[in-house]
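Take a look at the letters that make up each chain.
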Amino acid sequence: MTAGGLNPTIVAADLARRGFDIHVLLEQPEGKGEITRRRARKLGWITALGQLGTMIAARLLRRFANRRVTELLTAHGLDKTLPETVPIHPVTSINAEETAALVAQLNPAAILLVSTRLMSPRQLAAMPCPVINLHAGINPGYRGQMGGYWSLRENDTANFGATLHLVDAGTDTGGTLYEVRTRPSKGDFISTYPLVLTLAALDITAQSVSDALNGTLRPYPPSGPSALRFPPTLWSWIGHGIVSRIW
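Residues numbered from 1 in each chain as written. Predicted model: local features only at pLDDT ≥ 70, side-chain atom pairs only at ≥ 80, totals over all residues. Heavy atoms only, no water.

A.B. asks: Could you give me a rundown of the overall build of the chain, with the residues and numbers involved?
C.D. replies: In terms of regular secondary structure, the chain is built from ten helices and eight strands. Relative to the compact-globule value of 18 Å for 247 residues, the chain shows a C-alpha radius of gyration of 18 Å, a close match. With the C-alpha coordinates aligned to their principal axes, the bounding extent of the chain is approximately 50 × 40 × 35 Å. The buried share of the chain, reckoned over its 247 residues, is 47%. With an accessible surface of roughly 12,200 Å², the chain has 55% of that area assigned to carbon and sulfur atoms. When the 24 positive and 18 negative side-chain charges of the chain are each reduced to one mean point, those points stand 9 Å apart. (Helix = DSSP H or I, 4+ residues; strand = E, 2+ residues; numbered from the N terminus. Rg over C-alpha atoms; globule rule 2.2 N^0.38 Å. Buried < 20%, exposed > 50% of the residue type's maximum accessible area, 1.4 Å probe, protein only. Areas by Shrake-Rupley, 256 points an atom, 1.4 Å probe, with all protein chains shown as cover. Lys, Arg positive; Asp, Glu negative; His and termini not counted. Charge placed at Lys NZ, Arg CZ, Asp CG, Glu CD.)

A.B. asks: Give a detailed account of the environment of Leu26, specifying residues and quantitative values.
C.D. replies: Secondary-structure assignment places Leu26 in strand E1 (residues 24-27). If sequence neighbours within four positions are ignored, Leu26 has contacts with Thr2, Ala3, Gly4, Ile88, His89, Pro90 and Val91. (Contact = heavy atoms within 4.5 Å.)

A.B. asks: Help me get a handle on the packing of aromatic side chains, residues and values and all.
C.D. replies: Taken as a whole, this structure holds two aromatic pairs when the rule is applied. Relative to Trp150, the ring of Tyr149 lies with its centre 5.0 Å away and its plane at 75°, an arrangement referred to as edge-to-face. Residue classification places Tyr149 among the buried residues on the basis of a relative accessible area of 3%. Ring centres 5.6 Å apart and planes at 80° place the aromatic pair Phe160 and Tyr193 in the edge-to-face group. In this pair, Phe160 is assigned in the loop between helix H7 (147-153) and strand E6 (161-166) and Tyr193 in helix H8 (residues 193-200), connecting sequence segments 33 residues apart. Tyr193 carries the same exposure label as Phe160, and that label is buried. (Phe/Tyr/Trp six-rings, centres within 6.5 Å; stacked < 30°, edge-to-face > 60°.)

A.B. asks: Give me the lowdown on the packing of helix H1 (residues 6-17) against H8, citing residues and values where you can.
C.D. replies: Between H1 and H8, the shortest axis-to-axis distance is 10 Å and the interhelical angle comes to 10°. By the angle between their axes, H1 is roughly parallel relative to H8. For the pair H1 and H8, the contacting residues are Leu6, Asn7, Ile10 and Val11 in the first and Pro194, Leu195, Thr198 and Leu199 in the second. (Axes fitted to C-alpha atoms, helices over the stretch in contact; angles between N-to-C directions. Parallel < 35°, antiparallel > 145°, perpendicular 65-115°, else oblique.)

A.B. asks: Go over the sheet that holds strand E7 (residues 176-181), please, and point to the residues and values.
C.D. replies: In space, the four strands of this open sheet follow the order E3-E4-E6-E7, with mixed pairing throughout. Two strands bound the open sheet, and with one partner strand each, they are strand E3 (111-113) and E7. Mean inter-strand twist for the sheet, computed between neighbouring axes without regard to direction, equals 15°. Pairing between E3 and strand E4 (residues 131-135): three bridges, direction parallel. Residue pairing across strands places Leu112 opposite Ile132, the latter belonging to E4. (Pairing = 2+ DSSP bridges.)

A.B. asks: How would you sum up the packing of H1 against helix H9 (residues 202-214)? Please name residues and give values.
C.D. replies: At a minimum axis distance of 10 Å, the contact between H1 and H9 shows a crossing angle of 60°. In terms of their interaxial angle, H1 and H9 are classed as oblique. In the crossing of H1 with H9, the sense of the turn from one axis to the other is right-handed. Between H1 and H9, the contacting residues are Ile10, Val11, Asp14 and Leu15 on the first element and Leu202, Thr205, Ala206 and Val209 on the second. Tallied by class, the residues present in the contact of H1 with H9 amount to six nonpolar, one polar and one charged. (Left-handed = near helix turned anticlockwise from the far one by under 90°. Nonpolar A, V, L, I, M, F, W, Y, C, P; charged D, E, K, R; others polar.)

Right, dumping it as structure tokens:
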């Protein structure tokens, strides 16, 4: 299940190449206005608008990101396409009734979330199999969004990584299955960190799905301080010199 984009496409294509029989449930992504209003209710309008500013600024820097994306994909022998043999099922939301009905029809042995809304507790309870999430951060210290960015921002480079975990009612609070840590290159910045982490996590993603199919999932509780992360505000991002990483 995904809201679409490059990183989920790479994950789905990799699983297909490894021989997994997969279907993609493609939900409609949330609009920036909807996201901003939700964050405003939680964090206040000033912070929410500052986070929107960062999203817009990152989009303006897309040409720098595209150059780096091409380098990363070439280095890994990958492209931006999904094999035509992979069925795609559009849905309004992973939490919609139509999605639950489609899942019941497909009867999967495992569900993998990559870049989706949070699955509601009610929907999660209706799923007939383990639900796994690929999270671009090391849990529990970098739950939420932009975990790679925050690990670098806090000079915690040893925890620049990704986590495969079971989904529960919280935000990235389910039992950990696997972790991987890596290092970004000089040309990476806030817009390319998720791709760096996705590429690093392809093997453990496949292993997690394989474990689910084989009935050998061994989740364990993540240890250490827990923190829920959100995108930085535009002034915070610029103020800490993160933009200079693109040069």
